[in-house]
Amino acid sequence: MNINFDILVSGCNTRCKHCYVNGGPGSMMKLEDALLFIEKLDALAEFLPFEASFTLDNEPMNHPIAPIIRKAATTRYIEHYHHGMTSGIALMRRKDRHAVMQAYLDCGYRDFGITIHGNAAHHDEIVRREGALKIAIEAAEFMKSCGAEVGASLMFNRFFAEDADEIDGMLQQLQSAYIYFAIPNFTPHAHMTDFEPYRGSLSTLHRIRPWLARWQQQEDELTNVICTIGMLKEQLQQGFDIVPLFKCPQDELYMVVHQNGDLFVGNTGVETEHLGNLRTLDIQETAKRISEMPGNRDYGAFYEMDLLPRQEVLVRAIDQLPQDLLYSDRASAIYRALTMLGIPTKILEAVAR
């Protein structure tokens, strides 16, 4: 089991429609609080029987004293996990951006990444920030000039087919260290419903086929995560049982530290249990409670087993859908249908595999 504590030291500069951590503008954690909470987590980790790490989120470069917090991230019992993804907006608006980057480099963090959603207009629309793509590219080039390695995450959506040439041009310009192709799942977050009209489809994927090799992607790997409602119906009629999917043990446990020090079980935006405040909680007792908890990395871990629909219920619900959806390759229609039926995306992915 691995445990990760997400410390929300500052808000984000964008409000991405697909954000799985409910990002957006937020308050800054006081410096003394950030240092105290890191110290408390380190003390907590000493009593945990698992490997533990923490992540500074949502956009730590927003914090006015980011270099000090970054340097404080070196602890005895808990490792700082640097995911490296940034919108670039916080960094590029700082007058001390060279010092901020040097603080990261001095701590051994050389890997960074930016996310691309399409051309400038479409990217800015999805992240809900005018000029966001332009700044992200500028930030990537600046970070590279400081000696960092910068990768690109392609957030797949319905605009990719029409924007493929422009996306390819950006990737050629960046000469990124890696390219990651992200297909957002539907997860139980308030933001995710905003992304549904933008969701890409299998047809979209087929239309960008000429670019996939140039973008370091294998088409077979991408199509494995897209299937149809009809495929699910066939599997259910053959006796496919969804319950075991949700009983599979998870090997990671996610926890969140809010700006006021409250410690929660669950990922940011899907907190499921309040364990207390880091200022006052009993370290050893809390470590004991955490040690007995199951993993929750998969969002399926948040579902009540007794509430999961059985095969016959799902088949009847599927039969109520328009027939042209059953074997459609339109992923957007599939995900809308999932929302209507209350079927977790996890089920469809399992069928596709």
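Structure first, text after, so check above.
A brief report on the enclosed structure follows. All values derive from a computational prediction rather than experimental measurement. (Residues numbered from 1 in each chain as written. Predicted model: local features only at pLDDT ≥ 70, side-chain atom pairs only at ≥ 80, totals over all residues. Heavy atoms only, no water.)

1. Here we look at the sheet that holds strand β5 (residues 149-155)
At step 1: Ordered in space as β4-β5-β6, the three strands form an open sheet in which the pairing is parallel. Each having just a single partner strand, β4 (111-116) and β6 (179-182) make up the two edges of the open sheet. In this sheet, adjacent strand axes meet at a mean angle of 25 degrees when their direction is disregarded.
At step 2: As defined by bridge partners, β5 adjoins β6 across four bridges and the pair is classed as parallel. (Pairing = 2+ DSSP bridges. Helix = DSSP H or I, 4+ residues; strand = E, 2+ residues; numbered from the N terminus. Axes fitted to C-alpha atoms, helices over the stretch in contact; angles between N-to-C directions.)

2. Focus: the packing of helix α1 (residues 31-45) against helix α13 (residues 283-291)
Packed helices, taken two at a time, are described by their axes: the angle between them and the distance between them.
At step 1: Remark: α1 packs on α13, axes separated minimally by 9 Å, with the N-to-C direction vectors making an angle of 65 degrees. Handedness of the α1/α13 crossing: right-handed. Facing α1, whose interface residues are Lys 40, Ala 43 and Leu 44, α13 presents Ile 283, Thr 286, Ala 287 and Ile 290.
At step 2: Residues belonging to the contact of α1 with α13 are distributed by class as follows: five nonpolar, one polar and one charged. (Left-handed = near helix turned anticlockwise from the far one by under 90°. Contact = heavy atoms within 4.5 Å. Nonpolar A, V, L, I, M, F, W, Y, C, P; charged D, E, K, R; others polar.)

3. Description of empty space enclosed by the protein
At step 1: Under the counting rule described, the total for this entry stands at four cavities of 30 Å³ or more.
At step 2: Taken together, 15 residues line the largest cavity, and the ones lying closest to its centre are Pro 60, His 82, His 83, Gly 84 and Tyr 104.
At step 3: Looking at the lining of the largest cavity residue by residue, the class counts come to seven nonpolar, six polar and two charged. (1 Å grid on protein atoms, 1.4 Å probe; cavity = no way out; pocket = protein on both sides within 12 Å on 5 of 7 lines; lining within 4 Å. Points joined across faces, edges and corners; volume = space filled by probe spheres on them.)

4. Structural notes on the side chain of Gln 311
At step 1: Looking at the secondary structure, you find Gln 311 in helix α14 (residues 311-319).
At step 2: From its side chain, Gln 311 meets the backbone oxygen of Phe 240 in a polar contact 3.0 Å long.
At step 3: Excluding its chain neighbours within four sequence positions, the residues that come into contact with Gln 311 are Leu 236, Gly 239, Phe 240 and Asp 241. (Polar contact = N/O pair within 3.5 Å; in protein donor to acceptor, adjacent residues only side chain to side chain.)

5. Some words on the packing of aromatic side chains
At step 1: The final tally for this structure, using the stated rule, is seven aromatic pairs.
At step 2: Between the aromatic rings of Tyr 104 and Tyr 109, the centroid separation amounts to 6.4 Å while the plane-to-plane angle is 70 degrees, which identifies the pairing as edge-to-face.
At step 3: Tyr 109 sits in the buried class, given a relative accessible area of 13%.
At step 4: Judged by centre distance (5.8 Å) and plane angle (65 degrees), the rings of Phe 159 and Tyr 198 are edge-to-face. In this pair, Phe 159 sits in the loop between β5 and α7 (160-174) while Tyr 198 sits in the loop between β6 and α8 (202-207), placing the two residues 39 residues apart along the sequence. Residues Phe 159 and Tyr 198 agree in their burial class; the two are buried.
At step 5: The structure contains a cluster of three or more aromatic residues connected by ring pairs, namely Phe 156, Phe 160, Phe 181 and Trp 215.
At step 6: Across the ring face of Phe 142, the terminal group of Arg 97 is positioned such that the distance to the ring centre comes to 5.7 Å. (Phe/Tyr/Trp six-rings, centres within 6.5 Å; stacked < 30°, edge-to-face > 60°. Buried < 20%, exposed > 50% of the residue type's maximum accessible area, 1.4 Å probe, protein only. Lys NZ or Arg CZ within 6 Å of the ring centre and 35° of its normal.)

6. A short note on α13
The periodicity of an α-helix, 3.6 residues per turn, causes residues three or four positions apart to be oriented the same way.
At step 1: Of all the residues in α13, the buried ones are Ile 283, Thr 286, Ala 287 and Ile 290. Projected down its long axis, α13 carries its buried residues within an arc of 100 degrees, all on one side.
At step 2: The inward-facing, buried residues of α13 contact β1 (2-10), α1, β7 (252-257), β8 (262-265) and β9 (273-277).
At step 3: Two or three places before Gln 284, at the opening of α13, Asp 282 has a side-chain oxygen 3.2 Å from that residue's backbone nitrogen. (Arc of directions from axis to C-beta.)

7. Regarding unusual backbone geometry
At step 1: The linkage connecting Asp 57 with the following residue, Asn 58, adopts the cis geometry, with an omega of -5 degrees.
At step 2: Among the secondary structure elements, Asn 58 is positioned in strand β2 (residues 51-58).
At step 3: Residue Arg 128 is not a glycine yet carries a positive backbone phi of 60 degrees.
At step 4: In this structure, Arg 128 sits in the loop between α5 (120-127) and α6 (132-145).
At step 5: Judged by its relative accessible area of 25%, Arg 128 is partly exposed.
At step 6: Despite not being glycine, Gln 216 has its phi angle at roughly 60 degrees, a positive value.

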